[in-house]
Amino acid sequence: MRKSNSFSKNDVALCRFLAFSLEIYDDFHGFHYFRSRFHFIVFGRSPMVTIHDVADAAGVSISTVSRVMNQSPSVSKKTQKRVLEVIRKLGYVPNAAASKAAHKHNKYIGVLFPDISNQVFGRILQGINSVLAPLGYNIIICETNGELDKEIHFLNILKEKQVEGYIMASVTIPQDHLMWIHKNRRPLVYVCQDLPKFDLKVPASSVNMDNKQAICDMVHFLYHMGHRDIAFIGGPLSDPSAGKCRYDGYMKGMKECRLQIRQDIISFQEAFGIHDGYQGMHEVYEHAMLLPTAVLCACDNMAVGAIDFMYDNSIQIPRQVSVTGVDDSSLAACIRPSLTTIRHATNDSGVKAAQLLLEYIANPDFAGTAFKTPYQLLRRQSVRQLID
């Protein structure tokens, strides 16, 4: 008698019962594998996970799952964590791009950073991953060193890998970038850089703090602490955000506080590294007719370099000179005296960038936006109060 490969209704019912039992018994440890295998045996394909599956598995209502995915503050952190864990394990894709993504075995997002060792980008990447990983996306990270040729090269390589979109930090946003985006119609979200004007329509957005106003606020803070001679050590003005906008913020703050702008205590360097800060402080020290009471640096690394120079030349901080930075890197809180700085580009910046990218994927007609992230001035030990 020839054996049949077909399943009876009783077989199907038994498999469903066993799958359901495994779900209860295993509390999802390895259950998704068994569930997929049972569906493959019985129906010949993998299941499409629905919002109902997520709600049942997490023990919550469908509306609660929806609120979690929309990041509603009405859901407790404990419930949110449980629902996101279920989403991750089941591979649920809740947005409007789900039907499109369900036909793809792998889903990729390209992330391009100039320096992957920079802790600012590390914080942003954590935020990106917290949004995309639960939705089943794989992140491909490329280090560009801020070089245009490498950026275009990696954009093309990632296109061949069929990535659905890009999140990118760039020293500048040249017309070559925008023309590439316009030509290839792949959505791109910039972080830590403002999107420049472009005549053609491109699926691009930006997530960045208001660099000009942030540095202006730092000047006002130093003024209220009694400082009147405030030096500035900046990076290349070719960088629109960290370079030009931060210098413009310094100039704006100095004018608003009606302080004298002294060219002998302003220094620009070719990059934003510790060595550049050291060299910048050396130039201020050599050229200054009178040593400033405070030095405002365009980033924490430059501030660390400035402090290093002053240590080598027996200048006491903050008794003789106060120092500030921007970024709130891990060094800022670890060095002594701890560094007064501006905290920005947190995990939330990465979360927002990922959300904007998903908007593009779900809706190709999405108009995009230039989103401004909040920032926080952190007062630490490196600034001395000169007046009560």
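Above this note sits the structure.
Residues numbered from 1 in each chain as written. Predicted model: local features only at pLDDT ≥ 70, side-chain atom pairs only at ≥ 80, totals over all residues. Heavy atoms only, no water.

1. Comments concerning helix H12 (residues 274-287)
Here H12 contains 14 residues, and its C-alpha end-to-end distance of 20 Å stays within 8% of the 20 Å for a straight helix at 1.5 Å per residue. Every buried residue belonging to H12 is among Asp276, Gly277, Gly280, Met281 and Val284, and all of these are buried. Along the axis of H12, the buried positions cluster into a sector of 135°, meaning they face one direction only. The elements touched by buried residues of H12 are strand S6 (230-234), strand S7 (266-268), strand S8 (294-297) and helix H13 (300-312). (Helix = DSSP H or I, 4+ residues; strand = E, 2+ residues; numbered from the N terminus. Expected span 1.5 Å × (residues − 1). Buried < 20%, exposed > 50% of the residue type's maximum accessible area, 1.4 Å probe, protein only. Arc of directions from axis to C-beta. Contact = heavy atoms within 4.5 Å.)

2. Things to note about the sheet that holds strand S9 (residues 322-324)
With respect to topology, 4 strands assemble into an open sheet ordered S7-S6-S8-S9, the strand pairing being parallel. The outermost strands of the open sheet, each flanked by one partner alone, are S7 and S9. Mean inter-strand twist for the sheet, computed between neighbouring axes without regard to direction, equals 15°. Examined bridge by bridge, S8 and S9 share 3 bridges and lie parallel to one another. When the bridges of S9 are listed, Ala294 appears paired with Ser322. With respect to the sheet, helix H11 (residues 240-256) is in contact with S6 and S7, its orientation differing from that of S6 by roughly 170°. Here H12 sits on the sheet and contacts S6, S7 and S8; the angle it forms with S6, its principal contact strand, is near 140°. (Pairing = 2+ DSSP bridges. Axes fitted to C-alpha atoms, helices over the stretch in contact; angles between N-to-C directions.)

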